[in-house]
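# Close look at the chain arrangement
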Amino acid sequence: MLWLASPDGTPLEEMDKFSGKVIYTGYSTKNGVGTLKLEQINGDVKHFEIDKTDEEIYNSVMGKWVKIYASKPSFLSIKKVEQLQNEKAEVLKKYDYLKSLEKLKSYTSKWYFGGIMYVALILGFILSELVFYDLVKSKNKKNKE
C-alpha cells in the first residue's frame, strides 16, 4: 500500500527533526515493526515507527538524548525514524536518499502494474458476464420459437 509506505524520496534537509530523550522502544511480535517514544525538552512525547532490524541501535540509546530525522506521516502511519544521531552528533542510523528513491520507484511500479492487472481482471469479468448473458438470452429466444 503506497499510502502506508514511508519512503517518499524526501531529502534529509527537508525531513522533520526532533530532539529529546528516548523513553521507550517496543516491537510487535507479528511484523517486526516497533514504536519509539521520545520525550522532548518541553515535555511533549512523540511517537515514531522503528524497525526491529535496528533493535541494537535503539536499545543503545534508551534513556539518552538523541536527534531524530523522521519521514512525514502518511495515511494510517506515524512518522518513521530515518536517521538517528546521539548527543555527540554521531550518526547511529544513516539515511540513504538514493535507496529511498529506489524504494519509491519500486512501490510506484508495483502499484501501477497491480492497478492495471486489477482493472483488466474486472473488465474481463464484466465482458465474460455480458457474453454469457447474451448466449443464454439467445438460447432462450431459440427455445421459445
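Because the structure is predicted, anything quoted here is derived from the model rather than measured.

## Concerning the overall build of the protein chain
A count of helical and extended segments in the protein chain gives two helices and six strands. Element order for the protein chain, N to C, with α for helix and β for strand: β-β-β-α-β-β-β-α. Counting all 145 residues of the protein chain, 28% fall into the buried class. Of the accessible surface of the protein chain, which amounts to about 10,300 Å², a share of 60% is contributed by carbon and sulfur atoms.

## Re the side chain of Gln 85
With respect to the secondary-structure elements, Gln 85 resides in strand E5 (residues 81–86). With a relative accessible area of 13%, Gln 85 lands in the buried category. Look past the residues within four positions of Gln 85 in its chain and what remains in contact with it is Val 66, Lys 67, Tyr 69, Glu 90, Val 91 and Leu 92.

## Section: the sheet that holds strand E2 (residues 33–39)
Backbone hydrogen bonds are what pair the strands of a sheet, in a parallel or an antiparallel way. Taken in spatial order, the six strands of this open sheet run E3-E2-E1-E4-E5-E6, and their pairing is antiparallel. For this open sheet the edge positions go to strand E3 (45–51) and strand E6 (91–93), each flanked by a neighbour on one side alone. On average, each strand axis in the sheet is inclined to that of its neighbour by 45 degrees, with strand direction left out of account.

## Side note on the packing of aromatic side chains
By the definition in use, this model includes one aromatic pair. Residues Phe 18 and Phe 48 carry aromatic rings whose centres are separated by 5.2 Å and whose planes lie at 65 degrees to one another, so their mutual orientation is edge-to-face. In this pair, Phe 18 is assigned in strand E1 (residues 16–27) and Phe 48 in strand E3, connecting sequence segments 30 residues apart. With respect to class, Phe 18 is no different from Phe 48; both count as buried. Across the ring face of Tyr 24, the terminal group of Lys 37 is positioned such that the distance to the ring centre comes to 5.1 Å. Here Lys 52 stacks its cationic end above the ring of Tyr 27, 4.8 Å away from the centre of that ring.

## Topic: a nonpolar patch on the surface
A surface patch of nonpolar side chains, amounting to about 800 Å² of accessible area, comprises Tyr 118, Val 119, Ile 122, Leu 123, Phe 125, Ile 126, Leu 127 and Leu 130. Tracing the sequence through the fold places Ile 122 in helix H2 (residues 97–144).

## Digging into the confidence of the model for the protein chain
Segments scoring low in pLDDT should not have their predicted coordinates read at a detailed level. Mean pLDDT for the protein chain: 82, with 80% of residues reaching 70 or above. At the level of individual helices and strands, the protein chain shows its lowest average pLDDT in H2, which scores 74, and its highest in strand E4 (residues 65–70), which scores 94. Long-range and interchain partners of residues 1–6, a stretch whose pLDDT sits below 50, account for 16 contacts in this model, where long-range means more than four residues apart.

## Some words on the pairing of E4
Pairing of E1 with E4 involves six bridges; the strand directions are antiparallel. Directly across from Ser 19, in E4, lies its bridge partner Lys 67. Two elements, E4 and E5, share five bridges in a ladder whose sense is antiparallel. When the sheet's bridge partners are listed, Tyr 69 is paired in E5 with Gln 83.

## Some points on the nonpolar core
Counting 14 residues, the largest nonpolar core has Leu 36, Leu 38, Phe 48 and Ile 68 as its most contacted members. Those elements that provide at least two residues to this core are E1, E2, E3, E4 and E5.

## Brief notes about unusual backbone geometry
We note that Ala 89 has phi near 65 degrees; this positive angle belongs to a residue other than glycine. Mapped onto the elements of the fold, Ala 89 is located in the loop between E5 and E6.

Thresholds, definitions, all that
Residue indices follow the written sequence of each chain, beginning from 1 at its first position. Confidence filtering applies because this is a predicted model: local features only for residues at pLDDT of at least 70, side-chain atom pairs given and counted only at 80 or more, and all residues used for totals across whole chains, interfaces and linings. Hydrogens and waters are ignored; side-chain quantities use all the structure's heavy atoms. The numbering of helices and of strands both runs from the N terminus, where a helix is a DSSP run of H or I of at least 4 residues and a strand a run of E of at least 2. Relative accessibility thresholds used throughout: buried, under 20% of the residue-type maximum; exposed, over 50%; partly exposed, between the two (1.4 Å probe, protein chains only). Computed with the Shrake-Rupley method and a 1.4 Å probe, the accessible areas treat only the protein chains shown as cover for residues. Whether two residues touch is decided by their heavy atoms; if any such pair falls within 4.5 Å, the residues are in contact. For two strands to be treated as a pair, DSSP must find at least two bridges joining them. Only C-alpha atoms enter the line fits that serve as axes; for helices the fit covers just the stretch in contact. Angles between N-to-C directions range over 0 to 180 degrees. Two rings from Phe, Tyr or Trp (for Trp, the six-membered ring) form a pair when their centres sit within 6.5 Å of each other. Planes less than 30 degrees apart are called stacked, planes more than 60 degrees apart edge-to-face, and all others tilted. In our convention, an over-ring charge means Lys NZ or Arg CZ found within 6 Å of a ring centre and within 35 degrees of that ring's normal. Like charges are joined within 9 Å and nonpolar side chains (Val, Leu, Ile, Met, Phe, Trp, Tyr) within 5 Å, but only among residues with over 30% relative accessible area and no salt bridge; these make up the patches. The term salt bridge refers to a side-chain nitrogen of Lys or Arg lying within 4 Å of a carboxyl oxygen of Asp or Glu. For every residue, the pLDDT score states the predictor's confidence, bounded by 0 at the bottom and 100 at the top. We call a set of buried Ala, Val, Leu, Ile, Met, Phe, Trp, Tyr and Cys residues a nonpolar core when their side-chain atoms join them within 4.5 Å.

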